[in-house]
Every structure is written in C-alpha cells, then in structure tokens.
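The primary structure of each chain is shown beneath.
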Amino acid sequence: MSGSHPPSERLPFEALVQLLQTIFVRHDVSQEVAQVLAHNCAAAQRDGAHSHGVFRIPGYLSSLASGWVDGRAVPVVEDVAAGFVRVDAGGGFAQPALAAARPLLVAKAREAGIAVLAIRNSHHFAALWPDVEPFAQEGLLALSVVNSMTCVVPHGGQRPLFGTNPIAFAAPCQGLAPIVFDMATSALAHGDVQIAARQGHAVPPGTGVDRDGQPTTDPQAILDGGALLPFGGHKGSALSMMVELLAAALTGGNFSFGFDWSGHPGAKTPWTGQLIIVIDPDKGAGGDFAARSRELVERMQAVGVTRLAGERRYRERARAQVEGVEVGREELAQLVALSLPA
Ligand code: NDP
Ligand code: PYC
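The paragraphs below set out a description of the structure included in this document. (Residues numbered from 1 in each chain as written. Chains lettered and ligands numbered in written order. Predicted model: local features only at pLDDT ≥ 70, side-chain atom pairs only at ≥ 80, totals over all residues. Heavy atoms only, no water.)

**Points about the site of ligand 1**
Then comes step 1: Surrounding ligand 1, one finds 20 residues, the nearest of these being A126, D182, A184, R307 and R312.
Then comes step 2: Between ligand 1 and A126, the relevant distance is 2.8 Å, taken from a nitrogen atom to a main-chain nitrogen or oxygen of the residue.
Then comes step 3: Side-chain polar atom of D182 to an oxygen atom of ligand 1: 2.4 Å apart, as the coordinates give it.
Then comes step 4: Within the complex, 73% of the 920 Å² of free accessible area of ligand 1 lies under protein. (Near = heavy atom within 4 Å. Polar contact = N/O pair within 3.5 Å; in protein donor to acceptor, adjacent residues only side chain to side chain. Areas by Shrake-Rupley, 256 points an atom, 1.4 Å probe, with all protein chains shown as cover.)

Listed below in structure tokens is the structure:
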C-alpha cells in the first residue's frame, strides 16, 4: 500500500512500553497483565508490525470497557501429562496465560523433546510472532496457532465462518537471528483491512467479497457486511480449518464462530483459544539443527532470495534501537491523553 505518510515521532522502546502500561493500568488491567500487553504491543510497533501495534489500543480499551474481556484474570496452569500443559486464561488475555505456563512448558519440552501448551478461555488481539520468537532465542522450535472471529469465507462456502487464524513458526539459526514467520491464513489480516479503510486504499484483488458475495477491492465493503477470503484458495482454507481444530477444538476454546459478543458493544477481542507446540531440536537427528537451518538460509540466498520472513521486522527493530520507535504524531498524542488520570 502506498500513500502519504502522516507526521510521526520516535521514542525509546522502554518509554513506549511504559506509556502503554500506564494506559492499560488506567483502564482496569492488573499491573502483571498490563506489563505483558504493553511489551507485546510496543514490540509490534517497534518491529513495524503496524496492524498489531498501537493501532490496536482503542480496540483493547473498548473491549475492556464493555466487560467482554477481564484485564485482571489470573490464569490457571494445569500440568496434565508428560508433554502437555493446559491453561484456563479465565476470560483474560492469552499472553499472560502463556507467560504463566512458559517455565513448565519449556521444562517439559527439554525433558520429553516436545511439549504442547493448550490455552483456552482466552482473548488474543495481537501478532503471533512475539509468542514464538523467544523460544527460538533459547534454542527451541515453536509453532503456534490462534483462531479469531468469523470473517473469512471457507473455500467453496457461501458465507463467512473461519477467523483470520494465523500460524507462526520460529526456529534457531546458527549465527543469525531466529527464522520466524507469522501469517494470517486469510488473504489479508483483518487489521490491515481496517488500516486500508482508514487510509482510503484499495486492497489487492482476491482479498475479499462485499455483502452480496461479490469480489471487491474496497476495504470498507469487506468491513460493512462483506468478508475476507483465505489465502491460496483451498490450501489456505485447509490451513484455516486446521487452526480452528488445533486452537479451539483441541484446547477447549471457542471456535471463531462460537461466541456472541453482540451483548457487549465495543467488544473487539476474539474469545477463543491458542495452541503452542515447542520442540527441543537437540533430540532430533545429530543435534545440529541450528547449523542445518543456517545451511538452508544460505542455500536460499544462493538461489536469489533477498528477503526471508522476519527480516523486515528485524531491520525495523535494529533501526528502532538506534532512532527510537516510530509512532504517528496524532496517535502518540491520543496515547498520552489515554494515559492521564480521568
Ligand atoms: P504478512 O503477509 O505481512 O507477512 C506474513 C509473513 O511473511 C511474515 O513473516 C513476513 O515477514 C513474511 N513476508 C511478507 N512479505 C514477504 C516477502 N516479500 N518475502 C519474504 N517474506 C515475506 O502477515 P499477515 O498480514 O498475514 O499477518 C499480519 C499479522 O497479523 C501477523 O502478525 C499475525 O499474527 C496477525 N494476526 C493476528 C490474528 C489474531 O487473531 N491475533 C489474526 C490474524 C492475523 P516480516 O514480518 O518480516 O515482514
Ligand atoms: O488482524 O485479523 C486480524 C486480527 C484478528 C484478531 C486480532 N487480529
């Protein structure tokens, strides 16, 4: 998408985390949850993952104000089997549930070679890569899926049913930052449709349909009773179905079509589930996974690949470390206003 760039400012990452944390705490979120959400959202902004950066703050706050999500929920972690951890997020956010279960999950993955974390009764309103990348930073592989809210027409279907259902994967790579990809199984993330509508840009052909089921490149028509399509036709649709099964059916969370937020005007955060699978590559063949991973990257580069998944984010991150995190001037003023006592 192109267009004029609104005026922006740059501020240190820690200052943005602090600002967001203050906002969350002022809006009925516990200190513990606020810290996790603020770091997550600031990291997305820092990495140029704008569909899940500070753009999301009004949605978090309207959901909290509507009583749809509990910003003070305390997750309950259950050790259910040698390689299985379950968490009831208590109607709160998924990231604090992951944080609460993480030490047990990692210990199990290192012991058994693989461990699964099933989070249910949770709201995930963020990018998924922050949930997997840290595992790869400590030498583990991680794969995560989360379902969202009905807004995607399954391939061959007539009406929306699936969520935008992202899949994220992270793997260590010798001498380099982890290899990470994170992608919606819809042609576009819902957040990017909202941004396109706000900025008055068309979305690419094949992204969605209008309320009559006709193909459209008008983001507002997708939002006003229309729907998104899966990426890659039947293939993306099958992956989206898999996400519904793993993130909802397996965890005990809601399907993307399984909750009704109409009684909570302002509710934006999908009340679903999330699955994370963590693997210790040292238990695999030869224990040289990171070196093999590096070999693959070099081979990809040798055949002409100039951009690996995750590289753009790492570049943005490196720039932010030197120059600060970029936030639109108007957006920043709104954030500061939200952080002040009522
Ligand atoms: P993109 O299509 O922008 O990117 C998908 C992946 O492909 C990223 O890892 C990206 O790396 C990589 N990539 C993009 N372009 C290229 C390229 N030209 N060459 C090589 N790699 C490339 O992401 P989506 O729009 O699908 O998703 C955006 C975000 O929305 C994700 O973080 C996702 O988790 C989030 N989301 C969250 C949902 C939720 O329920 N919580 C629901 C749906 C989406 P890089 O990041 O470096 O650009
Ligand atoms: O961008 O599709 C999306 C999304 C859904 C929930 C959070 N983000």
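Moving on, there is more to tell.
**A word on the packing of helix α1 (residues 13-26) against helix α2 (residues 31-46)**
Then comes step 1: One can describe the packing of α1 onto α2 by two numbers: an axis separation of 8 Å at closest approach and a directional angle of 135 degrees. For the element pair α1 / α2, the angle class is oblique. Crossing angle aside, the handedness with which α1 passes α2 is right-handed. Across the interface between the two elements, F13, L16, V17, L20, Q21, F24 and V25 from α1 touch Q31, A34, Q35, L37, A38, H39, C41, A42, A43, Q45 and R46 from α2.
Then comes step 2: Partitioning the contact of α1 with α2 into residue classes produces 12 nonpolar, 5 polar and 1 charged. (Axes fitted to C-alpha atoms, helices over the stretch in contact; angles between N-to-C directions. Helix = DSSP H or I, 4+ residues; strand = E, 2+ residues; numbered from the N terminus. Parallel < 35°, antiparallel > 145°, perpendicular 65-115°, else oblique. Left-handed = near helix turned anticlockwise from the far one by under 90°. Contact = heavy atoms within 4.5 Å. Nonpolar A, V, L, I, M, F, W, Y, C, P; charged D, E, K, R; others polar.)

**What to know about the layout of surface pockets**
Then comes step 1: Estimated volume of the second largest pocket: approximately 410 Å³.
Then comes step 2: Lining the second largest pocket are 18 residues, and of these H39, N40, P130, D131 and P134 sit closest to its centre.
Then comes step 3: For the lining of the second largest pocket, the residue count by class is 8 nonpolar, 5 polar and 5 charged. (1 Å grid on protein atoms, 1.4 Å probe; cavity = no way out; pocket = protein on both sides within 12 Å on 5 of 7 lines; lining within 4 Å. Points joined across faces, edges and corners; volume = space filled by probe spheres on them.)

**Notes on the side chain of E244**
Then comes step 1: Relative to the helices and strands, E244 is located in helix α8 (residues 234-249).
Then comes step 2: Within the buried core, E244 has no salt-bridge partner, and the shortest N-O distance to an opposite charge, that of R159, equals 15 Å.
Then comes step 3: A distance of 3.2 Å separates a polar atom in the side chain of E244 from the backbone nitrogen of G163. (Buried < 20%, exposed > 50% of the residue type's maximum accessible area, 1.4 Å probe, protein only. Lys, Arg positive; Asp, Glu negative; His and termini not counted. Salt bridge = Lys/Arg side-chain N within 4 Å of Asp/Glu carboxyl O.)

**What to know about the pairing of strand β6 (residues 167-173)**
Then comes step 1: Counting buried positions along β6 yields 6 of 7 residues, so the element is predominantly enclosed.
Then comes step 2: By the bridge criterion, 4 bridges tie strand β5 (residues 141-146) to β6 in an arrangement that is antiparallel. Bridging from a neighbouring strand, V145 pairs with I167 of β6.
Then comes step 3: Direction of pairing for β6 relative to strand β7 (residues 176-183): antiparallel, over a ladder of 6 bridges. Counted as the bridge partner of C173 is L176 from β7.
Then comes step 4: In textbook terms, the turn of a hairpin is the stretch between consecutive antiparallel strands, and for β6 and β7 this stretch comprises 2 residues, one of which, G175, has a positive phi near 75 degrees. (Pairing = 2+ DSSP bridges.)

**A few points about the pattern of salt bridges**
Then comes step 1: What the rule picks out here adds up to 18 salt bridges.
Then comes step 2: Across the salt bridge formed by E138 and R102, the nearest N and O atoms sit 3.0 Å from each other. Here E138 is found in the loop between α5 (129-137) and β5, whereas its partner R102 is found in helix α4 (residues 94-112), with 36 residues between them in sequence.
Then comes step 3: With its nearest N and O atoms 3.1 Å apart, the salt bridge here joins K283 to D280.
Then comes step 4: When its relative accessible area of 48% is taken as the criterion, K283 is described as partly exposed.
Then comes step 5: Judged by relative accessible area, D280 falls into the buried class, the value being 5%.
Then comes step 6: Three or more residues are tied together by salt bridges with common partners; here these are R46, D47, E133, R313 and R317.

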